[in-house]
Amino acid sequence: MSEHPEGGARAFQPEGQHQQPAYEPPETVTDPAVQGLIADPHEEASRRIIEGEHSHGPRQTDVDPRAAKRAERQVAALFAVSALATVGFVLAYVLIDLDSITSLAWSNRLLGATLALSLFCIGAGAIHWAKKLMGDDEYVQARHELRSTAEEREDFVDSFRRGTDDSGFTRRSLIRRSLIGAMALLPINAVILLWDLAEEKPGGPGGLRETLWGPGVPIVAAVTGEHVRPEDLSIGALVNAEPENLEEIPEGPPRLNALADSAIILVRMEPAEIVSQQGPDWDYQGILAFSKICTHVGCPISLYEQETHHLLCPCHQSTYDLADSARVVFGPAARSLPQLAITVDEGGYLVARQDFAALVGPSTWEPP
Ligand code: FES
């Protein structure tokens, strides 16, 4: 803002609006179209409607009640479509079974399309409302000192009330109700998207705290699915493994989710080399089982250095010492890999003694 040497101020002119002539002191301005743009912030009439060549002509909706009614219905229709799209979003989430990659892809497409439609129609309805039905007068307001005076505050309240009247928010009940309805349904989208963070995971073993492991659950080798005997592991060996009951989970995303929680590695070392464990005697004759999922951001790990007993995550180089409770010795991970307590069953095969005692996976959320 440029201060006038006599205390006046040049009125604010939004970019892209009408090009104004160079500033002249108020007393020398003669063009009535420009006079409305020059204002003194200390004067009561600091906000003026642009008149003359800068004024807007009446729109069809200003002079034709039927056009105004038609525009009102169009706005309400857009808000109604938004509400229907939100309902479609909920139905797509609830009704589509994620039992295959194809259905997962369709679920994502429908969720994205309905969410986009509900947001677009809210925005389009608001713009259409503003362009066709809200007051069309253009105002300028003189810049002023940052601290608002009491008069300016009163002026703001007055302006707000006038804006409310201009928009017809209180008068046009059809628009008001349809907008309120659409806005009331909109948060459902966020609730649905956050639903998967809840305790129960559909189709999987239950909740963020639970995996497929439990007392007596057999350990089988990944890919082959064969039970594992202690003698199958030599000193220094690493075997990728999973719970036998993974086969009971339906194929597709539910099984992949369950595997992401339950995948483990088995390593064997001399019992005397074990410095510490996460529970008393959770190994079996030097065989230790740990979650395969890095606690940084969840990469699967199996780069094992048998001399040092270090396990290296290839994603960001977090390194865990498996001989010492899988504590982090290097890298960005903040937690040890959870250890699975194991033993053997009557047939001499390795089984779990219980579920993991610690949370599996990346530390991106805090347990309640
Ligand atoms: Fe393993 Fe980042 S995911 S270090």
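Here the structure is a predicted model, which is why all the values come from computation and not from measurement.

Time to look at the sheet that holds strand E5 (residues 219-221). In spatial order, the strands read E5-E6-E7-E8-E13; together these 5 strands make up an open sheet with antiparallel pairing. At either margin of the open sheet sits one strand with a lone partner, and together these are E5 and strand E13 (339-340). Here 4 bridges tie strand E6 (residues 238-243) to strand E7 (residues 264-268), and the two strands are oriented antiparallel to one another. Note on E7: the bridge partner recorded for Val239 is Leu266.

The next thing to look at is the confidence of the model for the protein. Of all residues in the protein, 78% have pLDDT values of 70 or greater, and the mean over the chain is 82. Counting interchain partners and residues more than four positions distant, the pLDDT-below-50 stretch residues 1-46 has 62 contacts.

Of all hydrophobic cores here, the largest spans 39 residues; its most connected members are Ile219, Ile264, Leu266, Phe290, Leu340, Ile342 and Ala352. Of all the elements in the fold, those that place two or more residues in this core are E5, helix H8 (253-262), E7, strand E8 (287-291) and strand E15 (350-352). Apart from residues no more than four positions distant in its own chain, Phe290 is found in contact with Ile264, Ile265, Leu322, Ala326, Leu337, Pro338, Gln339 and Leu340.

A few words now on the environment of Pro300. Within the secondary structure, Pro300 sits in the loop between E8 and strand E9 (303-305). Linking Pro300 and Cys313, residues 13 residues apart in sequence, is a C-alpha distance of 7.5 Å. Residues within four places of Pro300 in sequence aside, it is in contact with Ala263, Lys292 and Ile293.

The subject of this paragraph is the sheet that holds strand E10 (residues 310-312). If you trace the 4 strands from one edge of the open sheet to the other, you get E9-E10-E11-E12, paired in antiparallel fashion. Edge strands, defined here as strands with exactly one partner in the open sheet, are E9 and strand E12 (327-330). Each strand of the sheet is rotated relative to its neighbour by a mean of 35°, with strand direction disregarded. Examined bridge by bridge, strand E11 (residues 319-321) and E12 share 3 bridges and lie antiparallel to one another. Following the sheet pairing, Asp321 is matched in E12 by Arg327.

The rules behind these values
- Residues numbered from 1 in each chain as written.
- Predicted model: local features only at pLDDT ≥ 70, side-chain atom pairs only at ≥ 80, totals over all residues.
- Pairing = 2+ DSSP bridges.
- Helix = DSSP H or I, 4+ residues; strand = E, 2+ residues; numbered from the N terminus.
- pLDDT = per-residue confidence, 0-100.
- Contact = placed C-beta atoms within 7 Å.
- Core = buried A, V, L, I, M, F, W, Y, C linked by C-beta atoms within 7 Å.
- Buried ≥ 20, exposed ≤ 12 C-beta atoms within 10 Å, placed from the backbone.
- Axes fitted to C-alpha atoms, helices over the stretch in contact; angles between N-to-C directions.

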